[in-house]
Amino acid sequence: MARGRMRIYLGAAPGVGKTYAMLEEGQRLGRTGADVVAGFVEPHGRRPTAALAEGLEIVPRRTMVHRGSTFTEMDLDAVLARRPQVALVDELAHTNVPGSRNTKRWQDVEDLLDAGIDVVTTLNVQHLESLGDVVRQITGVAQRETLPDEVARRADQIELVDLPPELLRRRMVHGDIYPPDRIGTALTHYFRLGNLTALRELALLWLADRVEEGLQRYRAEHGITAPWETRERIMVGLTGGPEGETLIRRAARISARTPGSELLALHVVPSDGLVHGDPAALAAQRALVESLGGSYHQTTGDDLPEALLQFAEAENVTQIVLGASRRGRLSTFLYGSVGHRTIQRSGPIDVLVVTHEQAAGSSGLRLPRPSRTTGPRRFWAAMLLAAVALPALTLSLVALRDDLDLSFDLVLYLLAVVVIALVGGLFPALVAAVAAGLLADYYFTPPLHSLRVEHFSDILALVVFILTAVVVGMAASAAARRTYQAVRARAEARALSRLATAMMRGQDLPNLLEQVREDFGLDAVSLLEGDTGHAAEPRWYVVASTGERPPERPYDADVESPAGDSLTLAARGRPLSSDDKRVLGACAAQLGMAHSRGRLAERAAETGVRAAAEHTRASLVLTASHELRGPLRTAEESLDRLSDRLGGTSAGPLGPQAARLLDTALSAVRRAGRLVTDLDDLSRLHGGALDLYLRPVDLDEALTAALDNLGPGGHTIDCTLPEQLPDVIADAAVLTRVLTSLAADALRHSPPDRPPRFTAEVRPAHLEIQVTDGATVGSDDTSRGGRSGRRTDSLPLRLSRDLTETMGGTLEPDAGGPAFAVRVTLPTAGPRTTVRPTPGTDG
């Protein structure tokens, strides 16, 4: 029986419409004559989704009891017995109730597919197992229900159901996703704008990788090796040389000019495992590539052009950027350049050879400099050995001249050259070979004690000897160099791996420093942190130290190495070679990372505690606001009814004092209700759940609406506005609410005979509105009678400030103003040429 096909509707978050899209597909398939059943559909109480399921055959769910609670799951056996062509199964990553046939719903789907039933299902990107850590880091929520990525990759078709984060939050506010009691918490936590944007990017990138996998599989199945330029992939070849940064920046500029392109960097390591480039330079170049948005790779191969092209074909690279050869003309003539050989074999891949400052010039033929990879001490030891051993060997052979022939003498000289090559490398071997040839000619080739040679066979023997000595010396030098490099690399790798292992096991800084001190044979090591502050010379603090008399300042140390932006590793003890200093620098960088990670862990713990406290506070505020709404509404209605029964707020049968108390209580309850509403709105505003429609707004209309919102009661406000008043860029409803709140606060702070004042002034690109209470209108500060304290921390004023800032404006207390004076600044849309009446407007 043929295996069924699976189609997944992938979404970035709940509420994007995955179930709706699945039901639409089911309805479409049903209209084409396919046998479709709904094996499991979860509409989550959304009426449009539930309505779309009407008309589909729904397999009844299986009821199960677990720990005294009743649950329903998909009845897998019933769906298998029904054997439809297509089954709709919602929530692929769901965990079944214990006692079910399978632990996970995706296992149920596998059974359906094995039975030849096509499955249409849904999945959220946060449930993919490979993205669990990333999602937890973004949202702070660990996903308990996960799905192996391989299950999703096996799907025959994956379709992304996408919604912009702003629209998804708007759906949340309208109650289209969660019930009202969960909206506030969701908006301020999981459904924050940044979270949704990051989850959306994860979904798009994961799906793009699946598309890329399908494309590569198709090219492999059809034997297509030529690159398909679906998007530009620029690869830069790195050798660890000083030209690497130049090549990376050149390749990054090429990539930046091509939208959607990808930057890759490749370093080819020889198969012998020895590092031919500078590890520190490679590490810096890797960091540069990653900072420019590229990716760093390594591969193994002895033929550089072949290794480069194999990687390029595997990664569908379209352009290769290489540096001009640093070899001289003789070396290039003998061996060829990597760039030239790569161009010859590249085929359709473009190869760009970039010149740089380190490229070989045109100064003629140059011999390579003598290698000293074995170290200066061994080099001079080999030269001393040649100066002592060759004369001593010559004296011994002169004494035995009558018993030995020339061939035996040359073999002994050759042995001496090999020993010198093993000790000091190529250059001492070359010197020894030439010196041995001259000594053999002078003392053992007729005519003796002369550099002339009479017989051609003797000339040939000397030439062959010198050539043999040079070749053997080169081979011995190469072997010694490889051995030295291998031992050195093994020691460096051991030191770095020990330090990295200790860091992974969570050892503290003093133990890590002690390990570094032991590895390098130092007397004392300190990790110092500099604090520049405002002083010309930084102050140094010892973060951790080990050994006797550890240095407390960098200039007290024998060797130092930077470990971070403000960290330095200072050591006291034996002098270190340049190679040791390089490895010490790598260890210092790791120690700096360990110190930074420790600080980040401490800050994360503190942030977690603060976030938990903030979460608790926000939850308490939201719960309190929801709980207070009902009692305040009941109290207000009761007081209204009591006032109506007593004949309003006049004297009535209980007397004027009771009427005043009743009126005061009713006003207090209404004010408390407004405060609860403001508190709830402030929470929603900080959660980003406020939708704005910014457009040019006439300030006259906004002021008129604000005065109407104050209600009856003969409220009077003096308005002083310029004749040419431009429109402001704002949300009309939000601006009206801000002006209403400010007017109400100003009225509360104003005496009955002195109304508050609204004043507007046109500034470049914005409009300033000053709201002042009437307590000091026309008087100075001394006439206020102790009313100079400003109320700038009230909840309505804070809500007004946040609403104004959301519209792109500012709301600040007016410095030096009366008891209540604020200044609102809003951007303008341009001047309006209207003639307005004389200042002073009553509402």
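Just so it is clear, the model here is predicted, and its values are computed rather than measured. (Residues numbered from 1 in each chain as written. Predicted model: local features only at pLDDT ≥ 70, side-chain atom pairs only at ≥ 80, totals over all residues. Heavy atoms only, no water.)

A word on a nonpolar patch on the surface
Inference 1: Together, Phe456, Ile459, Leu460, Val463, Val464 and Leu467 give the surface a local cluster of nonpolar side chains, amounting to about 560 Å² of exposed area.
Inference 2: Relative to the elements of secondary structure, Phe456 occurs in helix α18 (residues 456-504).
Inference 3: The exposure class of Phe456 is exposed, given its relative accessible area of 62%. (Patch = residues over 30% accessible without salt bridge, like charges linked within 9 Å, V, L, I, M, F, W, Y side chains within 5 Å. Areas by Shrake-Rupley, 256 points an atom, 1.4 Å probe, with all protein chains shown as cover. Salt bridge = Lys/Arg side-chain N within 4 Å of Asp/Glu carboxyl O. Helix = DSSP H or I, 4+ residues; strand = E, 2+ residues; numbered from the N terminus. Buried < 20%, exposed > 50% of the residue type's maximum accessible area, 1.4 Å probe, protein only.)

Let's talk about the confidence of the model for the protein chain
Inference 1: Counting all residues, the mean pLDDT for the protein chain is 78, and 80% of those residues have values of 70 or more.
Inference 2: Low pLDDT, under 50, characterises residues 360-373; the predicted model gives this stretch 17 contacts beyond four residues in sequence or across chains.
Inference 3: A low-confidence stretch, residues 777-791 (pLDDT under 50), is modelled with 23 contacts involving residues beyond four sequence positions or located in other chains. (pLDDT = per-residue confidence, 0-100. Contact = heavy atoms within 4.5 Å.)

Overview of helix α16 (residues 406-424)
Inference 1: Taking 1.5 Å per residue as the helical rise, α16 with its 19 residues ought to reach 27 Å, and the 27 Å between its terminal C-alpha atoms agrees with that figure.
Inference 2: Buried within α16 we find Leu406, Asp409, Leu410, Tyr413, Ala416, Val417, Ile420, Ala421 and Gly424. What you see down the axis of α16 is that its buried residues fit within an arc of 140°, all on one side. α16 presents Val411 and Leu415 as exposed residues on the side facing more than 90 degrees away from its buried surface.
Inference 3: At the exit of α16 stands Gly425, carrying a positive phi of roughly 105°. (Expected span 1.5 Å × (residues − 1). Arc of directions from axis to C-beta.)

Some points on the sheet that holds strand β16 (residues 559-562)
Inference 1: One open sheet holds the four strands; their spatial order is β15-β14-β17-β16, and the pairing between them is antiparallel. Sheet topology places β15 (539-547) and β16 at the edges, where each strand pairs with a single neighbour. The sheet shows a mean angle of 25° between the axes of neighbouring strands, direction not considered.
Inference 2: Each of β14 (522-531), β15 and β17 (567-573) touches helix α19 (residues 509-520); the most contacted strand, β15, lies at about 65° to it. (Pairing = 2+ DSSP bridges. Axes fitted to C-alpha atoms, helices over the stretch in contact; angles between N-to-C directions.)

Notes on the pattern of salt bridges
Inference 1: One pass over the full model with this rule turns up 23 salt bridges.
Inference 2: Across the pair Glu306 and Arg345 runs a salt bridge, and its minimum N-O distance is 3.5 Å. On the criterion of sequence distance, the pair formed by Glu306 in helix α12 (residues 304-314) and Arg345 in helix α14 (residues 338-345) is long-range, its members being 39 residues apart.
Inference 3: According to the relative accessible area criterion, Arg345 is partly exposed, its value standing at 38%.

Here's the deal with the nonpolar core
Inference 1: With 63 residues, the main nonpolar core has Leu112, Leu147 and Phe191 as its most contacted residues.
Inference 2: With five residues, the top contributor of residues to this core is helix α9 (residues 193-221).
Inference 3: Residues contacting Phe191, with those up to four places away along its chain left out, are Pro14, Leu168, Arg169, Met172, Ile177, Tyr178, Ala186 and Leu196.
Inference 4: Counting residues in hydrophobic clusters, the runner-up holds 34 residues, among them Leu721, Val728, Val738 and Ala746. (Core = buried A, V, L, I, M, F, W, Y, C linked by side-chain atoms within 4.5 Å.)

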